[in-house]
Amino acid sequence: MFITLEGPDGSGKTTQFRRLAVWLGAQGLEVLMVREPGGTVLGESVRELLLQGRGGAMDARAELLLFCASRAQLVSERILPHLEAGGVVLCDRFADSTLAYQGYGRGLDLDLLRVMLNFATCDRWPDLTLYFDLEAEVALARRTAGGEVNRLDAESLDFHRRVRIGYLELVARDPRRWVVIDARPPADEVERKVRGVVAAHFEQQRVFDK
Ligand code: TYD
């Protein structure tokens, strides 16, 4: 089972990622937690390049290729082996972030991105993707209150609005894989919702496996 979490910074996605991992572990599952960009030695170096924003404006294509490079390494070094061993992989952001940020946000061609993402992921897309939905304005306010802001977080409100529209289009395209989680309620309430969705998904898989 390959589960990914998507949504804007400020949506509480990373808090829910940690809580979900603890809960799945308590159910006796072998859980691999990884984040993007990063998760490997190569990926963490790429992460620094991508998020710090040293050396002036980064070309959108260079940005795209760096995200893809980090992802290709993560997939082959950690994700595929763990899935093949029968474990659960929980990933904080994955290829859909590239469609949302570099595709809808930056305006790079979506068909081209899909070809590149299939290549970078060896065509292994998630089984379930939780999208933590929050209006761009609200996410921005939460980020500003929270402190640390990376190079992409610092993009304009319009950019983040396009990213949200993008995510909602991705959900509409593939509603069987995606579940939208309203990120506005308090964390405990969101956590209950997440557990319910994931439990239902596991249940459904068991039914399908029979
Ligand atoms: P991170 O600190 O991990 O933020 P978050 O808590 O929001 O997950 O930073 C990752 C940033 O990189 C985030 O702003 C989204 C962006 N990003 C892309 O633009 N494309 C991608 O493919 C990925 C994985 C992330």
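Residues numbered from 1 in each chain as written. Predicted model: local features only at pLDDT ≥ 70, side-chain atom pairs only at ≥ 80, totals over all residues. Heavy atoms only, no water.

### Details of the site of the ligand
Close to the ligand lie 16 residues, the nearest being K13, R71, R93, T98 and Q102. Take K13: an N or O atom from its side chain is 2.7 Å from an oxygen atom of the ligand. T98 is positioned with one of its side-chain polar atoms (N or O) 2.5 Å from an oxygen atom of the ligand. When the ligand is considered free in solution it has 540 Å² of accessible area, and contact with the protein chains removes 93% of it. When residues of the shell around the ligand are assigned to their parent elements, the largest contribution, 4 residues, is made by helix 4 (residues 95-105). In terms of residue class, the shell around the ligand is built from 4 nonpolar, 5 polar and 7 charged. (Near = heavy atom within 4 Å. Polar contact = N/O pair within 3.5 Å; in protein donor to acceptor, adjacent residues only side chain to side chain. Areas by Shrake-Rupley, 256 points an atom, 1.4 Å probe, with all protein chains shown as cover. Helix = DSSP H or I, 4+ residues; strand = E, 2+ residues; numbered from the N terminus. Nonpolar A, V, L, I, M, F, W, Y, C, P; charged D, E, K, R; others polar.)

### So, the pattern of salt bridges
Opposite charge on two side chains allows them to pair when their charged atoms are near. Applying the stated criterion across every chain yields a total of 18 salt bridges. With a closest N to O distance of 2.6 Å, E36 and R71 form a salt bridge. Here R71 lies in helix 3 (residues 60-84) and E36 lies in the loop between strand 2 (31-35) and helix 2 (41-52), a separation of 35 residues in the sequence. Overall, the relative accessible area of 6% leaves E36 in the buried class. A salt bridge links D133 to R164; the nearest nitrogen and oxygen atoms lie 2.8 Å apart. Here D133, found in strand 4 (residues 128-133), pairs with R164, found in helix 7 (residues 157-173); they are 31 residues apart in sequence, far enough to count as distant. Look at D133 and you get buried, because its relative accessible area is 13%. (Salt bridge = Lys/Arg side-chain N within 4 Å of Asp/Glu carboxyl O. Buried < 20%, exposed > 50% of the residue type's maximum accessible area, 1.4 Å probe, protein only.)

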